[in-house]
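Observations on the three-dimensional arrangement
Here's the letter readout for the chains.
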Amino acid sequence: MTTRILPAVGDADAARSITTLLDQLPDADPAAPVGDSTSLIDTLARLAAESLDELPEVVLVHERIGPVPALELIREVALRFPAVGVVLVAADTGPGLYSAAMDSGARGLVGTPLSYEELAQRVQSAAAWSAGVRRHLGQGGDVFTGPGGRVVAVTGAKGGVGTTVTAVQLALAARASGLSVALADLDLQSGDVASYLDVQFRRSVVDLAAIQDISPRVLQDALYVHQSGIGLLLAPGEGERGEDVTDRSVRQIVSALRNRYEVVVVDCGTHLNSANAAAIEMADTTLLLVTPDVVAVRAAKRMVRLWDRLQIRKAEETVTVVNRHNRNSEIQPPLVEKITGTRVARTSVPANFKELQSVVDAGRMQDLEAKSSVKQALWALAAELGIVKAPEGESRQGRFRGDRGSVGLRRARGK
């Protein structure tokens, strides 16, 4: 049996050393190394979307991989792709690191400088474990096997561009189409999701920040189930408590939500910190909200460049959404795309705040009328992003369940 191996190594010298030894292993089919944590997760997600059988049996994670620390990366791989055996490559093979690696979900630890015999033994053991898991899954075991739910991070180029309204309406659209949806508010100092949905709930994302392993029961206790059926993970009522939420805790929280819900929408606000940066990096799709004015477009360009410098997300992997669009404006979506270097969504949101004012003031965003041009545009955006589905038996009518008269899927996808 051939063992497919995917090395994740950021250091060039270590990559050459690992590749040389892997080429010598019997029945091994090593892939070209990936250089960072984002590339590893993206590669595994793409393969898992095709088929469980396309995933490599073994992933080697070098201790100096970045930007996500190795143990956190192993934990994410183990949660999202449990049929893959992960082996950590590190200089320290003491009991402390071994215990931490096992707790994160690794199937083995191999020391550097690399030994052929030790590497072969660890790879063989991880591959055998992976084969056993896949046999179980092939027999119809009810075990999570895919890349998980779809995570959409929504950010704003600057304040007041409609970030929270967009996040809330995307979540409502996905839920109305029949999917299970979570909406997480990671605008930690000034999150307003609770205000937009008329929610009073004492628990928040801070209650999950100090927990090492988030069980389904713990996660459920921290979530508020809205009348629409959306699971809400709210920002803290006291903004200073947001400092307790770290990038590590966000990675665990987003992974836990991804494993439980089909769609996870994350409101990241407009101010970058380590917590929402982790969500932006982990997201399958990141939206950057911008209005068609010079100040907002310049802010979007700065934001995209900042993400690139910090290796959070590349410009071409970001989707910019033009809000308050007016055909008479001098700044049109093609110009925004050219300036920011991002991909601009086909769907633009029209400038019609009067439609929103009454539901915003009442904190009842879920009651926005179906005929609203803003709602129709945002739900069309949800369809463009692929986070809605046509309910069985209703695809011809093109309406979302529970929202009579709303924009149809055919029209939403229309291009």
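Note that this is a predicted model, so its numbers are computed, not measured.

On a plain count of helices and strands, the protein comes out with 16 helices and 13 strands. Over its C-alpha atoms the protein spans a radius of gyration of 22 Å, differing by no more than 12% from the 22 Å that the globule rule assigns to 415 residues. Judged by the C-alpha coordinates and their principal axes, the protein covers about 70 × 45 × 45 Å. A burial count over the protein gives 53% of its 415 residues as buried. Approximately 18600 Å² of the protein is accessible, and the part contributed by carbon and sulfur atoms is 46%. Looking at charge distribution, the protein has the averaged site of its 46 positive side-chain charges lying 8 Å from that of its 49 negative ones.

Right, let's talk about the sheet that holds strand S9 (residues 231-233) for a bit. Spatially, eight strands are ordered S8-S9-S7-S10-S6-S11-S12-S13 in an open sheet, and the strand pairing comes out mixed. The sheet is open, and its two edges are formed by strand S8 (224-225) and strand S13 (343-344), each paired on a single side. Pairing of strand S6 (residues 150-156) with strand S10 (residues 263-269), which is carried by six bridges, proceeds in the parallel orientation. Each residue of the ladder has a partner; that of valine 152, found in S10, is valine 265. Here helix H12 (residues 294-309) sits on the sheet and contacts S6, strand S11 (285-290) and strand S12 (318-322); the angle it forms with S11, its principal contact strand, is near 150°.

As a further point, take a negative patch on the surface. Judged by side-chain charge, Asp42, Asp308, Glu316 and Glu317 come together as a negatively charged surface patch. In this structure, aspartate 308 sits in helix H12.

Our focus in this paragraph is the packing of aromatic side chains. Two numbers describe a pair of aromatic rings. These are the distance of the centres and the angle of the planes. Considering all chains together, one arrives at one aromatic pair under this definition. Between phenylalanine 201 and tyrosine 224 the ring centres are 5.3 Å apart and the planes differ by 55°, which places this aromatic pair in the tilted class. Here the residue phenylalanine 201 occupies a position in the loop between helix H7 (193-196) and helix H8 (206-209), and tyrosine 224 occupies one in strand S8, the gap between them amounting to 23 residues.

In this section: the packing of H12 against helix H13 (residues 333-340). Relative orientation of the contacting elements H12 and H13 amounts to 35°, with a least axis distance of 9 Å. By crossing handedness, the relation of H12 to H13 is classed as right-handed. Each of Val297, Ala300, Lys301 and Val304 in H12 lies in contact with H13, whose residues at this interface are Val336, Ile339 and Thr340. Counted by class, the contact of H12 with H13 contains five nonpolar, one polar and one charged residues.

With that settled, consider unusual backbone geometry. With an omega dihedral of -5°, the bond running from glycine 66 to proline 67 counts as a cis peptide bond. Tracing the chain through its elements places proline 67 in the loop between strand S3 (58-62) and helix H3 (70-80). Geometrically, the link from threonine 112 to proline 113 is a cis peptide bond, its omega value of 0° lying close to zero. For proline 113, the location among the structural elements is in the loop between strand S5 (108-111) and helix H5 (116-138). The phi dihedral of aspartate 198 is positive, around 55°, even though this residue is not glycine. With respect to the element layout, aspartate 198 can be found in the loop between H7 and H8. In this structure, arginine 324 takes a positive phi of about 55° despite not being glycine.

Another aspect to go through is H3. Two residues of an α-helix separated by three or four positions point the same way, owing to the 3.6 residues in each turn. The buried fraction of H3 is high, at eight of eleven residues. Listed as buried for H3 are Ala70, Glu72, Leu73, Ile74, Arg75, Glu76, Val77 and Arg80. The elements touched by buried residues of H3 are helix H2 (37-50), S3, strand S4 (85-90), helix H4 (95-104), helix H10 (247-260) and helix H11 (274-282).

Let us look at the pattern of salt bridges. Under the criterion given, the structure shown has ten salt bridges. A salt bridge links aspartate 284 to arginine 258, with the shortest nitrogen-to-oxygen separation between them at 2.9 Å. Of this pair, aspartate 284 sits in the loop between H11 and S11 while arginine 258 is found in helix H10, placing the two residues 26 residues apart along the sequence. Residue glutamate 369 pairs with lysine 371 through a salt bridge whose shortest N-O separation is 3.7 Å. Classification of glutamate 369 as partly exposed rests on a relative accessible area of 46%. Overlapping salt bridges bring together Glu72, Arg251 and Glu281 as one network.

Below, the discussion takes up the environment of arginine 305. Mapping arginine 305 onto the fold places it in helix H12. Judged by its relative accessible area of 49%, arginine 305 falls in the partly exposed class. Residues arginine 305 and leucine 21, spaced 284 residues apart in sequence, show a C-alpha to C-alpha distance of 38 Å.

Rules used throughout
Throughout, a residue's number is its position along its own chain's written sequence, starting from 1. Residue-level local features of this predicted model are given only where pLDDT is at least 70; pairs of side-chain atoms are given and counted only at 80 or more, and the full residue set underlies all totals for whole chains, interfaces and linings. Excluding hydrogens and water, the side-chain values take into account all heavy atoms of the structure. By the criteria applied, helices consist of DSSP H or I runs no shorter than four residues and strands consist of E runs no shorter than two, each listed in order from the N terminus. To get the radius of gyration, use the C-alpha atoms; to get the globule rule, take the number of residues to the power 0.38 and multiply by 2.2 Å. Note on exposure labels: buried denotes an accessible area under 20% of the residue type's maximum, exposed denotes more than 50%, and partly exposed covers the range between, all computed with a 1.4 Å probe on protein chains only. What sets the accessible areas is the Shrake-Rupley method with a 1.4 Å probe; for residues, cover comes only from the shown protein chains. By the counting scheme adopted, Arg and Lys are positive, Glu and Asp are negative, and His together with the chain ends is not counted. Here the site of a charge means NZ on Lys, CZ on Arg, CG on Asp, or CD on Glu. Whether two strands pair comes down to DSSP finding at least two bridges between them. Any two residues whose heavy atoms approach within 4.5 Å are treated as being in contact. All axes here are fitted lines through C-alpha atoms, helices being fitted over the stretch that makes contact, and every angle between N-to-C directions spans 0 to 180 degrees. What goes into a patch is any residue over 30% in relative accessible area without a salt bridge, connected to like charges within 9 Å or, for nonpolar side chains (Val, Leu, Ile, Met, Phe, Trp, Tyr), within 5 Å. For this document, the term salt bridge refers to a Lys or Arg side-chain nitrogen within 4 Å of an Asp or Glu carboxyl oxygen. Centres within 6.5 Å are what make two rings of Phe, Tyr or Trp a pair, Trp counting through its six-membered ring; a difference in plane orientation under 30 degrees is then read as stacked, over 60 as edge-to-face, and the rest as tilted. Handedness of a helix crossing follows the sense of rotation of the near helix relative to the far helix, less than a right angle counterclockwise being left-handed and clockwise being right-handed. Under the grouping applied here, Gly and all other residues not named as nonpolar or charged are polar, the nonpolar ones being Ala, Val, Leu, Ile, Met, Phe, Trp, Tyr, Cys and Pro and the charged ones Asp, Glu, Lys and Arg.

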